[in-house]
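Tertiary structure, described
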Amino acid sequence: MSENKKTGSYKKLVSNTIIFALGSFSSKVLVLFLVPIYTNFLTTEQLGQTDLIIQIANWLIPIFSLTVYEAMIRFGLDKAVDNKKVFTIGNLIVFSGLAALCVIMPIVKLTGIMDKYVGEYTILLCIYVCTASLRWVYSSFVRSLEMVRLFAFDGLLATFMTLVWTSVLIIGFRMDVKGYILAIILSDLCSFLFLTFAAKLWRYIDFGHIDRELLNAILRYSIPMIPAQVLWLLTNTCDSFMSASYLGKGSTGILSAAYKIPNIVSSIYLMFGQAWNMSAITENDSEDRSEFYQNVFDANQTLMYCLAGGCLVFVQLITRLWIGADFQDARLYSPILIYSMIYICFTTFLGSVYVATKKTKKTMYTSILAGVINIGINILFLKRFGLYATAVSTVCGYGAVFIVRAIDAKKLVGFKFNKFIFFGSNIILVLMVTANYLPRTGYRYMALFGLYGILLLINYKAIKGMLSKIAGSVLGRLRRKPDSIGQ
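The structure presented is a predicted model; accordingly, all values stated were derived computationally and were not measured. Residue numbers restart at each chain and count upward from 1, following the sequence in its written direction. Residue-level local features of this predicted model are given only where pLDDT is at least 70; pairs of side-chain atoms are given and counted only at 80 or more, and the full residue set underlies all totals for whole chains, interfaces and linings. The basis for every side-chain value is the complete set of heavy atoms in the structure, and neither hydrogens nor water enter the calculation.

**Things to note about the overall build of the protein chain**
A helix here means a DSSP run of H or I that spans at least four residues, while a strand means a run of E at least two residues long, and both kinds are numbered starting from the N terminus. Within the protein chain, the regular secondary structure consists of 18 helices and zero strands. Going through the 487 residues of the protein chain one by one, you find that 56% of them count as buried. A contact between two residues is defined here by any heavy atoms of the two lying within 4.5 Å. Sequence-distant contacts, at least 24 apart, represent 86% of the contacts inside the protein chain between residues at least 6 apart. Only the protein chains shown count as covering a residue, and every accessible area follows the Shrake-Rupley method with a 1.4 Å probe. For the protein chain, the accessible surface area stands at approximately 21,100 Å², while carbon and sulfur atoms represent 67% of it. Summary of the burial criterion: residues with accessible area below 20% of their type's maximum are buried, those above 50% are exposed, and those between are partly exposed, where the area comes from a 1.4 Å probe applied to protein chains only.

**Structural notes on unusual backbone geometry**
One non-glycine residue, T67, lies in positive phi territory at about 50°. Position of T67 among the secondary structure elements: in the loop between helix 2 (44-65) and helix 3 (68-76). With a relative accessible area of 0%, T67 lands in the buried category. A positive phi angle, near 50°, is found at K200, a position not held by glycine. Mapping K200 onto the fold places it in the loop between helix 7 (176-198) and helix 8 (212-222). Using a relative accessible area of 43% as the deciding quantity, one classes K200 as partly exposed.

**What about the side chain of S425?**
Assignment of secondary structure puts S425 in helix 16 (residues 419-435). What S425 contacts, discounting residues up to four positions off in sequence, is Y305, F420, L455, I458 and N459.

**Digging into the packing of aromatic side chains**
Pairing of aromatic rings covers Phe, Tyr and Trp, the last counted by its six-membered ring, and requires centre-to-centre distances within 6.5 Å; plane angles under 30 degrees mean stacked, over 60 mean edge-to-face, and any other angle means tilted. Taken as a whole and assessed by the stated rule, the structure comprises 23 aromatic pairs. The interplanar angle of 80° and the centroid separation of 5.8 Å between the aromatic rings of F314 and F449 together place this pair among those described as edge-to-face. Taken as a pair, F314 in helix 12 (residues 289-322) and F449 in helix 17 (residues 442-458) lie far apart in primary sequence, 135 residues in all. Joined through ring pairs, the aromatic side chains of F297, Y305, Y339, Y343, F346, F349, F402, F422 and F423 make up one cluster.

**Brief notes about helix 16**
Here helix 16 is 17 residues long and its end C-alpha atoms lie 24 Å apart, about the 24 Å a rise of 1.5 Å per residue gives. What helix 16 keeps buried is the set I421, F422, G424, S425, N426, I428, L429, M432, V433 and A435. Here helix 16 starts with a cap whose side-chain oxygen sits 3.1 Å from the backbone nitrogen of F420, and that cap is N418. A helix is expected to reach a length of 1.5 Å times the quantity of its residues less one. Two N or O atoms count as a polar contact when they lie within 3.5 Å, although within protein this holds only if one can serve as hydrogen donor and the other as acceptor, and sequence-adjacent residues are included solely when both atoms are side-chain atoms.

**Quick look at the packing of helix 3 against helix 5 (residues 122-144)**
To describe two helices that pack against each other, one gives the angle between their axes and the distance between the axes. Between N-to-C directions, angles span 0 to 180 degrees; the directions come from axes that are lines fitted to C-alpha atoms, helices contributing only their stretch in contact. In contact at an axis separation of 8 Å, helix 3 and helix 5 are set at 10° when each is read in the N-to-C sense. Considering the angle they form, helix 3 stands roughly parallel to helix 5. Residues V68, Y69, M72, I73 and G76 of helix 3 touch helix 5, and the partners they reach there are W136, V137, S140, F141, R143 and S144. Here the contact of helix 3 with helix 5 is composed, by residue class, of seven nonpolar, three polar and one charged. Should an angle fall under 35 degrees it is called roughly parallel, over 145 degrees roughly antiparallel, and 65 to 115 degrees roughly perpendicular, with every other angle called oblique. Think of it as three bins: nonpolar holds Ala, Val, Leu, Ile, Met, Phe, Trp, Tyr, Cys and Pro, charged holds Asp, Glu, Lys and Arg, and polar takes everything else, Gly as well.

**So, the environment of I373**
Note that I373 resides in helix 14 (residues 360-385). Looking at I373, the relative accessible area reads 23%, which means it is partly exposed. Separated by 27 residues in the primary sequence, I373 and A400 have C-alpha atoms spaced 8.4 Å apart. Apart from the residues within four sequence positions on either side, I373 is in contact with C396, G397 and A400.

**A look at the pattern of salt bridges**
Any Lys or Arg side-chain nitrogen found within 4 Å of a carboxyl oxygen on Asp or Glu counts as a salt bridge. One pass over the full model with this rule turns up five salt bridges. What emerges from the salt-bridge pattern is a single network uniting R135, D154 and D188.

**Concerning helix 6 (residues 148-172)**
With 25 residues, helix 6 extends 35 Å from end C-alpha to end C-alpha; this agrees with the ideal 36 Å at 1.5 Å per step. A positive phi of about 50° marks R174, the residue just after helix 6.

**As for the packing of helix 5 against helix 7**
Put simply, helix 5 and helix 7 touch, their axes get as near as 9 Å, and they point 30° apart. Accordingly, the angle class assigned to the pair helix 5 and helix 7 is roughly parallel. The interaxial crossing formed by helix 5 with helix 7 has left-handed handedness. Residues L124, I127, Y128, T131, A132, L134, R135, Y138, S139 and V142 of helix 5 lie in contact with helix 7, whose contacting residues are K178, I181, L182, I184, I185, D188, L189, S191, F192, L195 and T196. Residue classes in the contact of helix 5 with helix 7 are distributed as 14 nonpolar, four polar and three charged. Definitions for this section: a left-handed crossing has its near helix turned counterclockwise from the far helix by less than a right angle. A right-handed crossing has that turn clockwise.

**Brief notes about the confidence of the model for the protein chain**
One number per residue, pLDDT, summarises how confident the predictor is, and it ranges from 0 to 100. Scored by pLDDT, the protein chain comes out at a mean of 82, with 83% of its residues at no less than 70. Ranking the elements of the protein chain by mean pLDDT puts helix 18 (residues 460-479) last, at 65, and helix 7 first, at 95. Note that residues 481-487 has pLDDT below 50 and, in this model, 11 contacts with residues that lie over four places away or in other chains.

**Details of the state of the cysteines**
Only a pair of cysteine sulfur atoms within 2.5 Å counts as a disulfide in this structure description. Counted by the stated rule, this structure contains zero disulfides. C102 provides the cysteine sulfur closest to C126, a residue in no disulfide bond, and the two sulfurs are 4.2 Å apart. By relative accessible area, C126 is classed as buried at 12%.

Here is the structure:
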């Protein structure tokens, strides 16, 4: 790869990250207003109920959409494939899957299987799966068209609509659980319609000409992702279901609140991860992809360490000020969950290697590993140690997957990473997690700030390099003439 092209690859990654970050940051600011609504107008049992419904929906989405939204990005970014054919097949698959959902769910409802966890909300669950699946497919295709500004703006719009509908339905009409789910449904529907008309997506649909060879290729790519995503989600959500079973639904509400601060870390990673996923695909055939992946991962791990460390310094204070009075026990589990987010983000990053190289079966195998470890630790220790077991199981499950995926990435793309930064930063972060369990005195904050300072010193060179690249990209964009929102 020429030096100019190499520089262009990094600039494109940074530029896309900035666009996603601006849209996502605005969304996260709005989300801050949602947390007090949830924790002040819903009981721990109600918040636990909504969490269970959303987790079940997240399991059903990949099954009935056949994870075709993943194929939208992978094949849509492939310059050798016609976008119209990709989107047409995507619509054919997702609407067929959702039609099957509408037939199967009433039958399942009659058996009584869903009553324990879903109860009276089965119809809402079905509608939620439909609107979320359509939004995921359409937003993924917009991203594959590299309309990153439109994609980012849509994220902001969806969050704003969620805030509006949540305020109306929960605060105004006191609809509690129904209001929570219905607000998300209406938000997804608004997003789906907005993307359709803003990008004029009907231009990319032609059911009169279905490319059967491409259809088979997309199915071969997507189908192995179904068990992979279900298992991955099972790993993420087994904590909620097992804690509800062993400790009651109130504990699920506490766990949901405990994830609010850790989710700040994963949400900020998502800004970068969306841009990285595109770059991983487009740079897969480049001559120096190994160096590109390595450099990007080094910057990524530094970003995660700095974010997680900052959250660990202030997690106790933020919990007291931000989370409702009934959910204050969340502060006991948030520090461990913040640390777990580092490995969740790392495994997501390395998962892009499987996507780029079309090794989607390996995603399934590593997901099985995470699930076995997570569920096994919960079964053995949940009754004895309570929600501490769920937090530790998340760290262990994703930590093991990171090791396996790092080995695979080395084989597939010659991937390496900075071991000094990795091991040094992890030791400091474990000490910071431990410091959060010290008595609430000035010594605890002295220890946290001191450790965070050491963490920044370990990552100083990487931080300096990141800031330099970001500044160069921002200045470059400012010098260019502004273009349309859809680009």
